[in-house]
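One-letter residues, chain by chain:
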Amino acid sequence: MSSDNMQTLVTTARNLFAQGQVAQALAATENLVAQGGIDLDLLDQAWRQAALLDDTDFMARVLASVKKVAPKTRHWRLTMLQASYHEVRHEWKEKIVALRKAKKQGADPALVMLHEASARERLLQPEKALAVLDRFRGQGDSLDHAQAIRARCFQQLKETAKAKALLESWLPDAGENVAAVSGRKLLARLHDKTGDWESAWHWASQGNHLSAKLYKAALGDNDIRWRVEIWHHLFRADSQFQLPTYDVSKGGSEEMSPVFLLGFPRSGTTLLEQILDAHPKITAMEEPPTVTDALRQAVEMAKARAWLRGSLKQPGLSKKQALVRIFQEMSNFSQGEIRRLRDIYWESARKRLGNFSEPVLLDKMPLNTVDMAFINMLFPRARFIVALRHPADVLLSCYMQSFEANDAMVNFHEMESAAIFYRQVMGLLERYQARLSLEGRMHFIRYEDLTADFDTEAEALMMFLGLPFEPSQQNYHEHARQRGTLATPSYQGVTQPIYRNAVDRWQNYNQWMGPAFEHLAAACRCYGYSLELQERKSRG
């Protein structure tokens, strides 16, 4: 490729990023690399966007293209992209291998140390992470990231006083970056544990304000909120809309139906996943992009159909109108098209797991709740485990937790908007129950019941799956530690035995959460929860 052609393609991709046309910009970047053009600054920008979208397929394709068109290239920045790919996939050991390679190729040792310390902390190796940080010398944002990692390590080691002292001395002078968000949220949770509710709320709010400022994600243009709105519209009470379902009697595609563990973030899905994964006959996937990958392809197929029909050519069509017409086209999918989407799901699962032989595959992703109708189209025999928790406790936990930034998690920056999002998602679940044939395929389990009577609730869950309860499931926390790493923010909590101090925590924050409660009333009535205040509890 000539330098002029390369520069034209680079400029095109950068302009698309600047205009907010991320999908087109990623496609342009991929096309550039496939033609032999490697612009490291553009790849860094594309990587950041792909990480926000959890689009590891894009990353894998670009890395494969780089290896093909420039097999002798050994630049440390390309190897750091490989490390970042492993990070997005939560493959921390593989990330460390890539980091060591990048260091040999000339990467800044301080940068490598910072990334290695982060990976060690995620591998539940706090002592090793702290040993790396003891050798780290940095400043600015790098120092902030080091301090955030160090505080999380102290938390893992149960050295709460050290963690609080570090955070309280560092955060007032911290920069405006992701590390400061993480630090503020962690300090909020530490104050919560010691019963200082006002300080906890203050630091959680500070963390959310900074996070909102950093990501500047407009909720009105939020992909998952759009899907919630579109599915609500299509499955409204007066609608005749239906999606076809795969005819499993025809065979030819893998006949195994996954079990989907869903609900809402911070409702206990990670705890349930660890309990189930400890069973010898269950393979669990923790927040995989399986449904996302299949749905992304389904939308492209439906969009092509809509263009052929001319339904997207109407002048002045709003975004909602266009999306409704695209999603409506899924109702016309043939058995062959649905089979292709199932194949994409299984391809994505095998990328995550390799070959697996256990009779039950568990797919855990809380907000797959939004796309249950699509899942049911692909797997009409699939079973669904719905994790429930008091809606106010769910929202409080979402508000205080540090999440990786994506379309779903930016909905939790402000309490009332988070409550509206919760109401919409759980309301959509009710519509699916009314419209889809789900009898005998759904099992609801409340976090409060599970933590109060573990044996009874766990055995009922296993009965739903047609498997016996195994002694190994009692020690799920040991299994979680042996697993080495978890993808979710709960990676520290589920390595501990069952505890109940997260039940009714919302009551301590009633004075700040009040405006959100009206949006939770319907779910509370539906699932047997109350918003009445009880006598305030002290944690001492």
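Residues numbered from 1 in each chain as written. Predicted model: local features only at pLDDT ≥ 70, side-chain atom pairs only at ≥ 80, totals over all residues. Heavy atoms only, no water.

## Topic: the packing of helix α1 (residues 3–18) against helix α3 (residues 40–52)
Okay, step 1: Viewed as axis vectors pointing N to C, α1 and α3 meet at an angle of 35°, and their least axial separation amounts to 11 Å. Crossing handedness for the pair α1 and α3: left-handed. Residues V10, A13, R14 and F17 of α1 touch α3, and the partners they reach there are D41, L42, Q45, A46 and Q49. (Axes fitted to C-alpha atoms, helices over the stretch in contact; angles between N-to-C directions. Helix = DSSP H or I, 4+ residues; strand = E, 2+ residues; numbered from the N terminus. Left-handed = near helix turned anticlockwise from the far one by under 90°. Contact = heavy atoms within 4.5 Å.)

## Comments concerning the environment of F444
Okay, step 1: The residue F444 is located in strand β5 (residues 442–446) in this model.
Okay, step 2: Note on F444: relative accessible area 29%, which makes it partly exposed.
Okay, step 3: For F444 and G263, which are 181 residues apart along the polypeptide, the C-alpha to C-alpha distance reads 9.3 Å.
Okay, step 4: Beyond its immediate sequence surroundings of up to four residues, F444 is in contact with V386, L388, L429, Q433 and Y527. (Buried < 20%, exposed > 50% of the residue type's maximum accessible area, 1.4 Å probe, protein only.)

## Things to note about the packing of aromatic side chains
Okay, step 1: By the definition in use, this model includes 25 aromatic pairs.
Okay, step 2: Aromatic side chains W201 and W512 sit 5.8 Å apart centroid to centroid with 10° between the ring planes, which places their arrangement in the stacked category. Residue W201 is found in helix α12 (residues 197–215), and its partner W512 is found in helix α24 (residues 510–513); the two are separated by 311 residues along the sequence.
Okay, step 3: The class for W201 is buried, based on a relative accessible area of 10%.
Okay, step 4: Of the residues examined, W512 reaches a relative accessible area of 24% and is grouped as partly exposed.
Okay, step 5: Taking 5.0 Å as the distance between ring centres and 70° as the angle between the ring planes, the aromatic pair formed by Y345 and F379 counts as edge-to-face. Of this pair, Y345 sits in helix α17 (residues 335–353) while F379 sits in the loop between α18 (372–378) and β4 (383–388), and the two are 34 residues apart along the sequence.
Okay, step 6: The class of Y345 is buried, set by a relative accessible area of 1%.
Okay, step 7: Among the residues examined, F379 registers a relative accessible area of 1% and is labelled buried.
Okay, step 8: Joined through ring pairs, the aromatic side chains of W197, W201, Y399, Y509 and W512 make up one cluster.
Okay, step 9: It is R446 that lies over the ring of Y529; its NZ or CZ is 4.4 Å from the centre. (Phe/Tyr/Trp six-rings, centres within 6.5 Å; stacked < 30°, edge-to-face > 60°. Lys NZ or Arg CZ within 6 Å of the ring centre and 35° of its normal.)

## A word on unusual backbone geometry
Okay, step 1: Even without being a glycine, L124 presents a positive backbone phi close to 60°.
Okay, step 2: L124 sits in the buried class, given a relative accessible area of 15%.
Okay, step 3: Even without a glycine there, the phi angle at K158 is positive, about 60°.
Okay, step 4: Along the polypeptide, K158 turns up in the loop between α9 (141–156) and α10 (160–170).
Okay, step 5: Among the residues examined, K158 registers a relative accessible area of 63% and is labelled exposed.

## Section: the sheet that holds strand β2 (residues 282–286)
Okay, step 1: An order of β2-β3-β1-β4-β5 is seen for the 5 strands of this open sheet, with the pairing classed as parallel. Edge strands, defined here as strands with exactly one partner in the open sheet, are β2 and β5. Along the sheet, successive strands turn relative to each other by an average axial angle of 20°, direction set aside.
Okay, step 2: Here 5 bridges tie β4 to β5, and the two strands are oriented parallel to one another. (Pairing = 2+ DSSP bridges.)

## Section: the side chain of E116
Okay, step 1: Tracing the backbone shows E116 in helix α7 (residues 109–122).
Okay, step 2: With residues up to four places along the chain from it excluded, the contact list for E116 reads I96, L99, R100 and V132.

## Side note on the nonpolar core
Okay, step 1: Membership of the largest hydrophobic core comes to 119 residues, with the highest contact counts inside it found for W231, M330, F374 and M513.
Okay, step 2: Of all the elements, helix α20 (residues 415–435) adds the most residues to this core, at 10 residues.
Okay, step 3: For F374, the residues in contact, after removing those within four places along its chain, are W231, L243, V291, A294, L295, A298, M330 and L341. (Core = buried A, V, L, I, M, F, W, Y, C linked by side-chain atoms within 4.5 Å.)

## Concerning the environment of T73
Okay, step 1: Here T73 lies in the loop between α4 (56–69) and α5 (76–88).
Okay, step 2: For T73, a relative accessible area of 36% puts it in the partly exposed group.
Okay, step 3: Between the C-alpha atom of T73 and that of M330, which follows or precedes it by 257 residues, the distance is 43 Å.

## Regarding the state of the cysteines
Okay, step 1: Under the counting rule described, the total for this entry stands at 0 disulfides.
Okay, step 2: No disulfide involves C398; its sulfur sits 15 Å from that of C524, the nearest cysteine.
Okay, step 3: Overall, the relative accessible area of 1% leaves C398 in the buried class.
Okay, step 4: Looking at C526, it has no disulfide partner, and the nearest cysteine sulfur is the one in C524, 10 Å off. (Disulfide = S-S within 2.5 Å.)

## Points about helix α11 (residues 178–193)
Okay, step 1: Counted at 1.5 Å a residue, the expected span for α11 with its 16 residues is 22 Å, and the 23 Å between its end C-alpha atoms agrees.
Okay, step 2: Summarising burial for α11: 14 of the 16 residues are buried, a large majority.
Okay, step 3: With a side-chain oxygen positioned 3.3 Å from the backbone nitrogen of A179, the residue opening α11 is N177.
Okay, step 4: Count one or two residues on from α11 and you reach G195, which has phi positive near 85°. (Expected span 1.5 Å × (residues − 1). Polar contact = N/O pair within 3.5 Å; in protein donor to acceptor, adjacent residues only side chain to side chain.)

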